[in-house]
Amino acid sequence: MHEASIAHGIVETVLRNADLQKACRVESVELEVGELTFLNIEQVTFWIRNGFENTIAQNATLTVRSVPAKIQCRRCHFTGPVIMKDHAMVHYTIPVLTCSQCRDSHVDIVEGKDVVVKQIRIERQSQGEQKRC
Amino acid sequence: MKTVLPDDGEILDIELEESLLAKNRDLAVKNKALLDRHAVRAIDILGSIGSGKTTLIQQMVRLLSKDSRIAALAGDLTTTIDADRIREAGAEVVQINTGKECHLDGHLVSKALNELDLSGLDILFIENVGNLICPGEFPVGAHQRMVVVSVTEGPYMIVKHPYILAEASALAINKIDLAAAMEVDVKRLIQDAHTVRPGLPVVPINGRTGQGIPELAGILGLTNPA
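Asker: Help me understand the pairing of strand S1 (residues 23–34) of chain A, please; the structure alone is not making it clear to me.
Answerer: Two faces, one strand: in a regular strand the side chains alternate between the faces of the sheet. Residues and elements named next belong to chain A. With nine of its 12 residues buried, S1 lies for the most part within the structure. As judged from the nine bridges shared by S1 and strand S8 (residues 115–124), these two strands associate in the antiparallel manner. Paired with Val29 across the strands is Ile120, a residue of S8. Direction of pairing for S1 relative to strand S2 (residues 61–67): parallel, over a ladder of seven bridges. Bridging from a neighbouring strand, Glu30 pairs with Thr63 of S2. The parallel pair S1 and S2 is bridged by helix H2 (residues 41–52), and the resulting crossover is right-handed.

Asker: Just checking my understanding: could you explain the packing of helix H2 (residues 53–64) of chain B against helix H3 (residues 81–89) of chain B for this structure?
Answerer: A pair of packed helices is characterised by two quantities: the angle between their axes and the separation of those axes. All names here are of chain B. Running from N to C, H2 and H3 cross one another at 15°; their axes reach a closest spacing of 8 Å. With respect to their mutual orientation, H2 and H3 come out roughly parallel. Judged by the sense of rotation from one axis to the other, the crossing of H2 with H3 is right-handed. Mapping the contact onto sequence places Thr54, Thr55, Ile57, Gln58, Val61 and Arg62 in H2 and Asp82, Arg85, Ile86 and Ala89 in H3. Here the residues of the contact of H2 with H3 are counted per class, giving four nonpolar, three polar and three charged.

Asker: Sorry, what's going on with the pattern of salt bridges here?
Answerer: Think of it this way: side chains of opposite charge can pair up when their charged atoms draw near. Enumeration according to the criterion identifies 18 salt bridges over all chains in this entry. In this structure, Arg16 of chain A and Glu18 of chain B form a salt bridge, with 2.6 Å as the shortest nitrogen-oxygen distance. Pair noted here: Arg16 of chain A is in helix H1 (residues 2–20) and Glu18 of chain B is in strand S2 (residues 11–19), and the two residues belong to different chains. Assessed through its relative accessible area of 33%, Arg16 of chain A is described here as partly exposed. A salt bridge links Asp114 of chain A to Arg25 of chain B; the shortest N-O distance between them is 2.8 Å. Here Arg25 of chain B lies in helix H1 (residues 22–37) and Asp114 of chain A lies in the loop between strand S7 (107–111) and S8, a pairing that spans two chains. Looking at Arg25 of chain B, the relative accessible area reads 32%, which means it is partly exposed. Because the salt bridges share partners, they merge into one network encompassing Arg25, Glu27, Arg121 and Glu123 of chain A together with Asp13 of chain B.

Asker: When you look at the sheet that holds strand S8 (residues 170–174) of chain B in this model, what are you seeing that I'm missing?
Answerer: Strand pairing within a sheet occurs via backbone hydrogen bonds; the two strands may be parallel or antiparallel. All names here are of chain B. Strand order in the open sheet made by the seven strands is S5-S4-S6-S3-S7-S8-S9, with parallel pairing throughout. Where the open sheet ends on each side, the last strands, each with one partner, are strand S5 (92–97) and strand S9 (202–204). Taken over all neighbouring pairs, the strand axes of this sheet differ in orientation by 20° on average, direction set aside. H3 contacts strand S4 (70–76), S5 and strand S6 (123–127) of the sheet and is inclined by roughly 175° relative to S5. Helix-sheet contacts for helix H7 (residues 186–196) involve S8 and S9, and the interaxial angle to S9 is about 165°.

Asker: Sorry if this is basic, but what is going on with the confidence of the model for chain B here?
Answerer: Should the pLDDT be low somewhere, the predicted coordinates at that spot are not to be read in detail. Residue-level pLDDT values for chain B average 91, and 95% of them are 70 or greater. Predicted as a complex, the structure gets a pTM of 0.86 and an ipTM equal to 0.80.

Asker: What should I look at first to understand the interface of chain B and chain A in this one?
Answerer: As a measure of interface size, the accessible area lost when the parts come together is often cited. Contacts between the two partners involve 39 residues from chain B, matched on the other side by 45 residues from chain A. Of the roughly 3700 Å² buried between chain B and chain A, counting both surfaces, carbon and sulfur atoms make up 58%. Our count for the contact surface shared by chain B and chain A stands at five salt bridges. The interface formed by chain B and chain A holds 17 residue pairs in polar contact (both at pLDDT 80 or more) in total. Those elements giving two or more residues to the side of chain B that touches chain A turn out to be S2 and H7 of chain B. When residues in the side of chain B that touches chain A are grouped by element, the largest group, nine residues, is from S2 of chain B.

Reading the values: rules and limits
Residues numbered from 1 in each chain as written. Chains lettered and ligands numbered in written order. Predicted model: local features only at pLDDT ≥ 70, side-chain atom pairs only at ≥ 80, totals over all residues. Heavy atoms only, no water. Buried < 20%, exposed > 50% of the residue type's maximum accessible area, 1.4 Å probe, protein only. Helix = DSSP H or I, 4+ residues; strand = E, 2+ residues; numbered from the N terminus. Pairing = 2+ DSSP bridges. Right-handed = clockwise from strand over helix to strand, strands pointing away. Axes fitted to C-alpha atoms, helices over the stretch in contact; angles between N-to-C directions. Parallel < 35°, antiparallel > 145°, perpendicular 65-115°, else oblique. Left-handed = near helix turned anticlockwise from the far one by under 90°. Contact = heavy atoms within 4.5 Å. Nonpolar A, V, L, I, M, F, W, Y, C, P; charged D, E, K, R; others polar. Salt bridge = Lys/Arg side-chain N within 4 Å of Asp/Glu carboxyl O. pLDDT = per-residue confidence, 0-100. Buried area = accessible area lost by both parts, 1.4 Å probe. Polar contact = N/O pair within 3.5 Å; in protein donor to acceptor, adjacent residues only side chain to side chain.

The structure is reproduced here in structure tokens:
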């Protein structure tokens, strides 16, 4: 259930930054979730929506982009995507963490392991202005 | 933080680029630096409930405590059952009860490290909370990560959890004495692990008898294999 704690962190990040910018409404939130994280995007989205309830982000549009995994080979320094292999017996695709150029197995994961709040779009109340939102 | 202001109106795009996992990674780096300062080698042990993590640590402590000073952090939602078992084997133990959280993280491990006299230690085993999903997300500052699966969990543990092997230094396949009864092909599990991570050291073990434990300790660099 770490989706809930990650989602809580996302909600806190969005609302803290919206507050810093004196926002009266959060219009949209853009997230990136790495392919090699252990997160289910649908579940994370559910918990974020849950956390946004009764806040200025209640009606925010939520966009989540999945970031493909990328590895770097320690031997030949090739940087590229992780090979995905179909496992016919279980109808599932499993990652093959090896260099697709020289086949060495000493590789580092350089992308696809993070969860990032990329951008938020907010509406701000101007000083002296009548309430906008 | 970059702020993009529109020409008029009051809609603003705020570029945050704020990582949710960066704070944990920073704490993990600090934990590792602290362990390095005291020349303590730390192994993060991941596996499901009942896979045999505690038994494996007990056997490691029995094997290594003659030549090394060992401590363990026992992560669990609740109870001190595992901590008591490891203490009986002869290691100093700090219990970390996460309450409801499904994994250890850099913060909890950093608090637990404060409870230990690191200057008197050589090896630290960190028994993570029992599951093969959530702990994968949160490095705690260990030098190596070992994954434990047992044949009693069925024949599909690796194909169902391939990502947990991404940053593992070794895989232990436990309870191999029960493989025939469980109708699990250990060779197939090894093959699955090598599909995900070609060359990953995989050691079939029997935690009850200690079979395979010396080989595993050697692979993790905790002994000088004869």
